[in-house]
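Here is how the chains run, residue by residue.
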2 protein chains.
Amino acid sequence: MTQIAELLAANRNYAAARAAVAGAHPGRHLAIVTCMDARIDTFAVLGLHLGDAHVIRNAGGRVTLDVQRSLALSCHVLGVDTVVVMQHTKCGLLGVTDLELHDLTGADLGFLGFDDHSAALHEDIEVLTNTPYLHPLKVIAGFVYEVDTGAITDVVRWERPE
Amino acid sequence: MTQIAELLAANRNYAAARAAVAGAHPGRHLAIVTCMDARIDTFAVLGLHLGDAHVIRNAGGRVTLDVQRSLALSCHVLGVDTVVVMQHTKCGLLGVTDLELHDLTGADLGFLGFDDHSAALHEDIEVLTNTPYLHPLKVIAGFVYEVDTGAITDVVRWERPE
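Quick notes on the rules
- The residue numbering used here restarts from 1 in each chain and proceeds along that chain's sequence as written.
- All chains are assigned letters beginning at A, and all ligands numbers beginning at 1, according to the order in which they are written.
- The predicted nature of this model means local features are confined to residues of pLDDT at least 70 and side-chain atom pairs, given and counted, to a pLDDT of 80 or more, with totals for whole chains, interfaces and linings taken over all residues.
- Heavy atoms from the whole structure form the basis of all side-chain values; hydrogens and water molecules are not counted.
- Any two residues whose heavy atoms approach within 4.5 Å at even a single point are treated as in contact.
- The term buried area refers to how much accessible surface (probe radius 1.4 Å) is lost by two components on association, counted for both of them together.
- Salt bridges are defined as contacts in which a side-chain nitrogen from Lys or Arg sits within 4 Å of a carboxyl oxygen from Asp or Glu.
- Secondary structure follows DSSP: runs of H or I at least 4 residues long count as helices, runs of E at least 2 residues long count as strands, and numbering of each begins at the N terminus.
- Interaxial angle, 0 to 180 degrees, is taken between N-to-C directions of lines fitted to C-alpha atoms, where a helix line uses only the stretch in contact.
- Under this scheme an angle from 65 to 115 degrees is roughly perpendicular, one under 35 degrees roughly parallel, and one over 145 degrees roughly antiparallel; angles in between are oblique.
- Each crossing gets its handedness from the near helix: less than a right angle anticlockwise from the far helix is left-handed, clockwise is right-handed.
- Amino acids outside the nonpolar list (Ala, Val, Leu, Ile, Met, Phe, Trp, Tyr, Cys, Pro) and the charged list (Asp, Glu, Lys, Arg) are all regarded as polar, and Gly is one of them.
- Note on pairing: two strands pair once DSSP finds at least 2 bridges between them.
- Within this scheme a cavity is a closed region of a 1 Å grid, computed over the protein atoms alone, that accommodates a 1.4 Å probe without allowing it to escape, whereas a pocket is open but has protein on both sides within 12 Å along at least five of seven lines; lining residues each have an atom within 4 Å of a point.
- Grid points are joined across faces, edges and corners, and a volume is the space filled by probe spheres set on the points.
- Superposition of the copies was done by least squares, using only C-alpha atoms of residues whose pLDDT is at least 70 in both.
- Throughout, disulfides are identified as pairs of cysteine sulfur atoms within 2.5 Å of each other.
- The cut-offs for exposure are 20% and 50% of the maximum accessible area for each residue type, with area from a 1.4 Å probe on protein chains only; residues under the lower value are buried, those over the upper are exposed, and the others partly exposed.

Asks: I keep staring at the interface of chain B and chain A and nothing clicks. Help me out?
Replies: Interface size is commonly expressed as the accessible surface area that is lost when the partners come together. On the chain A side, the residues contacting the 76 residues of chain B number 75 residues. With both sides pooled, the region where chain B packs onto chain A buries about 6000 Å², and carbon together with sulfur makes up 64% of that total. Inspection of the region where chain B meets chain A yields 0 salt bridges. The element contributing the most residues to the side of chain B that touches chain A is helix 3 (residues 65-78) of chain B, with 10 residues.

If you want it as structure tokens, here you go:
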């Protein structure tokens, strides 16, 4: 069976067995921003159920313009007021430069590598809190997920002043 | 318990019970690009297990520069050769314009709304196949996930010519 055929066969089993679906509004008014890393099953890691939260993922779980675009819709159209930005240990973007990644990939991009989880989380959360159209956000947390143990460290917490 | 405390408590249960973790290379050489929608549990929908695939998510599951950045790393650093772009029915970006979304969100952005799954999937897959630094990709599929039934429709398939 090809890779794609295998995915479609797994989906037939899933569709036959799945629970009823909630509406489009995330039930916990929550969005998770995290890395694409294959070792992160976002719903399982955070005890989320179908319909609970938006999940936004890219390389590194960094706050890019695409993440801001997504969160603009989360906040204003779908009632999200809380965001968790979750980086993880052993991330491929830790301690690498754009020059090194250009040599590896041939792509001339800003790859958003970083040296320190706490500094990068503070920086990304600052981008969110300084984005005028994201004013409906009330709480933002910055987590680091330890890929070897599955445990989270709670690194940054921001709440909008009353 | 606050929202954030609840996530951390769920994670303690998860970390205590989870299986051993594979390495960073996706075991199935696979990346999934899909929407942030709360009704999509990507691993479950496609029968994926921890370590199998990169998961990249944004509003609409559209192929943006941020997705290209992520896939450059998937392909060149972590051995991915197959991508699935999975849109879904009842997506908030179906049939909406930037002007309408600007009025709702206050954000002056290209929101990447679309009118037709097939046209949008073809367009996004063409972006991927025309990105020179994504040449390691061998297979790309375009799926539509039906949020009410959980079933997938297999809409587009591309394979790199030998």
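Further notes follow.
Asks: It is not clear to me how the packing of helix 4 (residues 98-105) of chain A against helix 3 of chain B should be interpreted in this structure. Could you clarify?
Replies: In a pair of packed helices, the angle between the axes and the distance between the axes together describe the arrangement. Remark: helix 4 of chain A packs on helix 3 of chain B, axes separated minimally by 9 Å, with the N-to-C direction vectors making an angle of 65 degrees. In terms of their interaxial angle, helix 4 of chain A and helix 3 of chain B are classed as roughly perpendicular. The chirality of how helix 4 of chain A crosses helix 3 of chain B is left-handed. Taking contact as the criterion, the partners of Leu101, Leu104 and Thr105 of chain A in helix 4 of chain A are, on helix 3 of chain B, Ala72, Leu73, His76 and Val77 of chain B. Here the contact of helix 4 of chain A with helix 3 of chain B is composed, by residue class, of 5 nonpolar, 2 polar and no charged.

Asks: Even after reading the chapter, I still don't get the pairing of strand 5 (residues 152-159) of chain A, so can you show me in this structure?
Replies: Here is the key point about a regular strand: its side chains alternate between the two faces of the sheet. Residues and elements named next belong to chain A. Of the strand pairs in this sheet, strand 4 (residues 139-145) and strand 5 are connected by 7 bridges, and their pairing is antiparallel. By the bridge assignment for strand 5, Phe143 is matched with Asp154. Hairpin connection from strand 4 to strand 5: 6 residues lie between these consecutive antiparallel strands, with Gly150 at a positive phi of about 85 degrees.

Asks: When you look at empty space enclosed by the protein in this model, what are you seeing that I'm missing?
Replies: Inspection of the entire model under this criterion finds 2 cavities of 30 Å³ or more. In this structure, the largest cavity encloses a volume near 80 Å³. If you go around the largest cavity, the residues you meet are Ile40, Asp41, Thr42, Phe43, Val55 and Arg57 of chain A together with Asp41, Thr42, Phe43, Val55 and Arg57 of chain B. Of all the secondary structure elements, the ones that give two or more residues to the lining of the largest cavity are helix 2 (42-45) and strand 2 (53-58) of chain A together with helix 2 (42-45) and strand 2 (53-58) of chain B. Of the volumes computed, that of the second largest cavity is approximately 30 Å³. Lining the second largest cavity we find Ile56, Arg57, Asn58, Asp66 and Val67 of chain A together with Ile56, Arg57, Asn58, Asp66 and Val67 of chain B. Contributions of two or more residues to the lining of the second largest cavity are made by strand 2 and helix 3 (65-78) of chain A together with strand 2 and helix 3 of chain B.

Asks: Before we go on, may I ask you to explain the relation of the copies chain B and chain A in this structure?
Replies: Note that the two copies of the chain are related through a rotation about an axis and a translation along the same axis. When chain B is brought onto chain A, the operation consists of a screw motion whose angular component is 180 degrees and whose axial shift is 0.0 Å, with 0.0 Å RMSD remaining. Considering both components of the superposition, the chain copies are consistent with a two-fold axis. The rotation axis passes nearest to the C-alpha of Arg57 of chain B in chain B, at a distance of 2.3 Å. Looking at the interface residues of chain B, 99% of them are also at the interface in chain A, so both copies use one shared face.

Asks: Explanation requested: the state of the cysteines in the structure shown.
Replies: Linking two cysteines covalently via their sulfur atoms produces the bond known as a disulfide. A full pass over the atoms with the stated rule returns 0 disulfides over all chains. Free cysteine Cys75 of chain A: the closest other cysteine sulfur is in Cys35 of chain B, separated by 15 Å. When its relative accessible area of 7% is taken as the criterion, Cys75 of chain A is described as buried.

Geometry only, nothing functional implied.
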